[in-house]
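Chain by chain, the residues run as shown.
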Amino acid sequence: MTHSDTQTALVTGASSGIGAQLARQFATDGYDVVLTARRRARLETLAEDLESTHGVSASVYTADLADPDAPAALADELADAEIEIDALVNNAGFSSHGRFDQTSLSTDLDMIQVNLVALTELTKRFAKPMVERGHGEILNTASMAAMAPTPKLAVYAATKSYVLSFTEAIADELEAAGVTVSALCPGPVDTELVSLDGMDGSGAADQRLNDPESVARAGYRGLKNGKRIIVPSMRMKALAQATRVLPRNRVVSIAGSFYD
Ligand SMILES: NC(=O)c1ccc[n+]([C@@H]2O[C@H](COP(=O)([O-])OP(=O)(O)OC[C@H]3O[C@@H](n4cnc5c(N)ncnc54)[C@H](OP(=O)(O)O)[C@@H]3O)[C@@H](O)[C@H]2O)c1
């Protein structure tokens, strides 16, 4: 390889949950990390910890990815700082729980912007130089919700279906150029997301939750092993299989039963 030994990972949604743990995985393996999200204090605390624990460089760039200008601004800031991104982790995302006619339009549109549009734009902006350098890694956090239309999470599940489809397609396209692309598809994980989107009053709160650290570890390992779809738990692997063989209406009603 012609690139320098120290590689740099950009992690979106690094201020909490799975993203903070993914940043930790990369730092543990010696990557410098660029952490982004909206909550600067959280990012700075994590950056200090990763620098002191792992001896890597950790920098913080705040961005609100619901703002359509944010991905370009972030890419420009990193270019100005002469930071090349070897690994892009598109992890920022949120969900909104409820019946479609009763949830907020602006929240739905922000969700599409963060979960799907910003992810696509960041991938476009950072994949090109990876291809030119002949190496790179992209890890997109999708969800088990990508595998089934999900009543009460209709827009969220649709954004994650996009992420999964998009990821598998470009994984195939970019493999020969030396760029590995993977989708991480966790089931329910014990993070702030479950309470932030109003899901904590639903059946989702009663499910067995995975811990964000083990999900991130599986994601990092899966990326390194070149897996295109990473499903972190055996139970979720069985559910993923079921979505392929059961009648579609049955899949939709089972998916919905988790979130009633
Ligand atoms: N928890 C689950 O059950 C579960 C299951 C499957 C997939 N996922 C996916 O995993 C990813 C991480 O979620 P999590 O569970 O770790 O929840 P989380 O702790 O709430 O983390 C979400 C992250 O996304 C960032 N984010 C949200 N809105 C943003 C915005 N407008 N601009 C920039 N950053 C934004 C948050 O940072 P700030 O608030 O600081 O901006 C935070 O760092 C998401 O894509 C989620 O869809 C979660």
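Numbering of residues starts from 1 in every chain and runs along the sequence as written. Local features in a predicted model are, by the rule used here, given only for residues with pLDDT of at least 70; side-chain atom pairs are given and counted only at 80 or more, and totals for whole chains, interfaces and linings are based on all residues. Side-chain measures were taken over the full set of non-hydrogen atoms in the model, leaving aside hydrogen atoms and water.

- The name given to the chain in an unreviewed UniProt entry is SDR family oxidoreductase, and the organism recorded there is Haloferax larsenii.
- The record in UniProt for the chain states the following under Sequence similarities (unreviewed entry): "Belongs to the short-chain dehydrogenases/reductases (SDR) family." UniProt positions are given in the numbering used here, feature names are shortened, and annotations may be inferred rather than shown by experiment.

1. Points about helix α3 (residues 70-80)
And step 1. Burial classes follow relative accessibility: with a 1.4 Å probe on protein chains only, a residue under 20% of its type's maximum area counts as buried, one over 50% as exposed, and anything between as partly exposed. Numbering of helices and strands starts at the N terminus; helices are DSSP runs of H or I of at least 4 residues and strands are runs of E of at least 2. Along α3, the residues that are buried comprise A70, P71, L74, A75 and L78. All buried residues of α3 project into a common sector of 135° when viewed along the axis, lining one side. In α3, the exposed positions that point more than 90 degrees away from the buried face belong to A79 and D80.
And step 2. Every residue pair with non-hydrogen atoms within 4.5 Å of one another is taken to be in contact. Contact partners of the buried residues in α3: β1 (8-12), β2 (32-37), β3 (58-62) and α4 (105-133). The directions from the helix axis to the C-beta atoms are what the arc is built from.

2. Focus: the packing of helix α1 (residues 17-28) against helix α2 (residues 40-54)
And step 1. Put simply, α1 and α2 touch, their axes get as near as 10 Å, and they point 25° apart. Our classification of the angle between α1 and α2 gives roughly parallel. At the point where α1 passes α2, the crossing takes the right-handed sense. Residues A20, A23, R24, A27 and T28 of α1 pack against L46, D49, L50 and H54 of α2.
And step 2. Under the scheme applied, nonpolar residues are Ala, Val, Leu, Ile, Met, Phe, Trp, Tyr, Cys and Pro; charged residues are Asp, Glu, Lys and Arg; polar residues are all the others, including Gly. Looking at the contact of α1 with α2 residue by residue, the class counts come to 5 nonpolar, 2 polar and 2 charged. The axes are straight lines fitted to the C-alpha atoms, using for helices just the contacting stretch, and the angles between their N-to-C directions are given from 0 to 180°. Roughly parallel means an angle under 35 degrees; roughly antiparallel means over 145; roughly perpendicular covers 65 to 115; every other angle is labelled oblique. Left-handed is the label given to a crossing in which the near helix is rotated counterclockwise from the far helix by less than a right angle, and right-handed is the label when the rotation is clockwise.

3. Some words on the sheet that holds strand β5 (residues 136-141)
And step 1. The 7 strands lie next to each other as β3-β2-β1-β4-β5-β6-β7, forming an open sheet whose pairing is parallel. Here the strands that pair on one side only, and so sit at the sheet edges, are β3 and β7 (229-230).
And step 2. Strand pairing requires that DSSP identify at least two bridges connecting the strands. One ladder, built from 6 bridges, connects β5 with strand β6 (residues 179-184); its direction is parallel. Residue L139 lies in a different strand from β6, and its bridge partner there is S182.
And step 3. Along the sheet, α1 contacts β1, β2, β4 (87-90), β5 and β6; its crossing angle with β2, the most-contacted strand, is approximately 170°.
And step 4. Taken strand by strand, α4 contacts β1, β4, β5 and β6, and its axis lies near 170° from that of β4.

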